[in-house]
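Spelled out from the first residue to the last, the chains are:
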Amino acid sequence: MTGIMKPRKAIFPVAGLGTRFLPATKANPKEMLPIVDKPLIQYAVEEAISAGFTDLIFVTSSSKRAIEDHFDKNFELECRLIETQKHELLSIVQNILPKGVNCAYIRQPETLGLGHAVLCARPLINGEAFAVLLADDLISTASSNCLGNMLTVFNQTQTSILAVEHIKREDSQKYGVIDTGTQDATATSNPVKITAIVEKPLPQDAPSSFGVVGRYIFTPDIFSCLEKTAQGAGGEIQLTDAIALLLKKQCVNAMIIPSKRYDCGSKLGYLEATIAFGLAHPELNSDFAALLKHYVSQL
Ligand code: UTP
């Protein structure tokens, strides 16, 4: 090991096809779907920046150009907002990224899975520890920053860490599920050491009721594990399988997420997030609540 690792790079794998949202995602990236007035990817980027990450690496594909444009300057729009004196909107579009934050984009040529997408970013990581955020897992930062908490633990332990949440056993086939051995994984034993991990197990085979959600911090050793990982569930190179290999070499921790997660990769989770963020939105809250009450009264 070469001294203390202080992760500052965050990978956003955004090359998936988003088939659960077709036809909306035929030409538009799933990660650009808005929750109220902000695209999913911007929520994840804000979480990473507020946790202290400064180098953002997006693993994209040919249909994801809108993501690059979103984080780039738009001269025409800015000129028009200046002309029309819409200063508040101008400030919103000019300050999507704070100063000192850098973006890099790298392509995943084929959708060979999340593990493969992370491996595509290897040339930009330069042997450092790094975070991975899946933007379709929207985690509220209103009271606590999930990735920030994980970074605090990483800085103390210098070992990889995954975010997990309590799942219903019947939902185990949607998640990577961790085994914590004889340790009791509760909020009081947070973080907890992982003893095994399995991708999308049948409910009867699930080693626990803790499923991995889309926040990770890895030591660079994950890359050699990804290289050795063959195609797994769904014919894809699974990040979970590489984590299982990493576990044979070094300690990996899990941390229970501190706040509510919305699975915005599914339609129902997306709608739930829209309701929650709409109700919390400073411009909309009471009007939106009145609207919801009206619809609920008709159910
Ligand atoms: P998902 O499993 O949600 O797949 O990927 P998906 O393609 O985005 O959506 P569906 O299931 O077809 O509706 C989890 C994350 O991994 C990324 C996705 O962009 C998403 O952030 N991913 C997945 C890649 O970057 N590359 C891949 O080959 C697969």
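Residues numbered from 1 in each chain as written. Predicted model: local features only at pLDDT ≥ 70, side-chain atom pairs only at ≥ 80, totals over all residues. Heavy atoms only, no water.

**Considering the overall build of the chain**
Quick reminder of the rule: Helix numbers and strand numbers start at the N terminus; a helix is a DSSP run of H or I with at least 4 residues, a strand a run of E with at least 2. Here the globule rule reads 2.2 Å times residues to the power 0.38, and the radius of gyration is calculated from C-alpha atoms. To sort residues, take the accessible area from a 1.4 Å probe on protein chains only and compare it with the maximum for the residue type: under 20% means buried, over 50% means exposed, and anything in between is partly exposed. To measure how exposed things are, a 1.4 Å probe is used in the Shrake-Rupley method; for residues, cover is taken only from the protein chains shown.
Broken down by element type, the chain carries eleven helices and 14 strands. Taken over the C-alpha trace, the chain has a radius of gyration of 20 Å; the compact-globule value for 299 residues is 19 Å, and the two agree within 12%. When the backbone C-alpha atoms are referred to their principal axes, the chain occupies close to 60 × 50 × 35 Å. Residues classed as buried in the chain amount to 47% of the 299 residues present. Total accessible area on the chain is roughly 15,200 Å²; 54% of this is exposed by carbon and sulfur atoms.

**Details of the pattern of salt bridges**
Rules: Salt bridges are defined by distance alone: a side-chain nitrogen of Lys or Arg within 4 Å of a carboxyl oxygen of Asp or Glu.
On inspection of all chains with the given rule, the structure shows 15 salt bridges. A salt bridge links E31 to K64; the shortest N-O distance between them is 2.9 Å. Note that E31 is positioned in the loop between β1 (9-13) and β2 (34-35) and K64 in the loop between β4 (55-60) and α2 (65-70), a separation of 33 residues in sequence. Here the two residues E31 and K64 agree in accessibility, since each one is buried. K73 is the salt-bridge partner of E78, the closest N and O atoms lying 3.0 Å from each other. Given the relative accessible area of 7%, E78 is considered buried. Given a relative accessible area of 45%, K73 falls into the partly exposed group. Each of R8, K9, D55 and E128 takes part in salt bridges that share partners, so that together they form one network.

**What to know about helix α10 (residues 267-280)**
Since the α-helix advances by 3.6 residues per turn, residues separated by three or four positions end up pointing in the same direction. Our working definition: Residue count minus one, scaled by 1.5 Å, sets the expected span of a helix. Starting at the helix axis, one direction is taken to each C-beta atom, and the arc is that of these directions. In what follows, residue pairs with any heavy atoms lying within 4.5 Å of each other are defined as contacts.
Here α10 spans 20 Å end to end across 14 residues, near enough to the 20 Å set by a 1.5 Å rise per residue. Restricting attention to buried positions, one finds in α10 the residues G269, Y270, A273, F277 and G278. All buried residues of α10 lie within an arc of 165 degrees about the axis, which places them on one face of the element. Away from its buried face by more than 90 degrees, α10 exposes K267 and L268. Tucked into the core, α10 has its buried residues touching β2, α1 (40-51), β7 (137-139), β14 (261-263) and α11 (285-297).

**Structural notes on the packing of aromatic side chains**
Note the threshold: Two aromatic rings, drawn from Phe, Tyr or Trp (for Trp, its six-membered ring), form a pair once their centres lie within 6.5 Å of each other, and the interplanar angle then sorts them: stacked below 30 degrees, edge-to-face above 60, tilted otherwise. Definition used: whenever NZ (Lys) or CZ (Arg) falls within 6 Å of the ring centre and also within 35 degrees of the ring normal, the charge is taken to sit over that ring.
According to the stated counting rule, one finds nine aromatic pairs in the structure shown. Here Y262 and F277 contribute two aromatic rings whose centre-to-centre distance is 5.8 Å and whose plane-to-plane angle is 75 degrees, an arrangement assigned as edge-to-face. One end of the pair, Y262, is in strand β14; the other, F277, is in helix α10, with 15 residues separating them in the sequence. Take Y262 and F277: they sit in the same class, and that class is buried. Each member of the aromatic cluster is reached from another via a ring pair, and the members are F12, F58, F71 and Y105. Lying over the aromatic face of Y43, K38 brings its terminal NZ or CZ to 4.9 Å of the ring centre.

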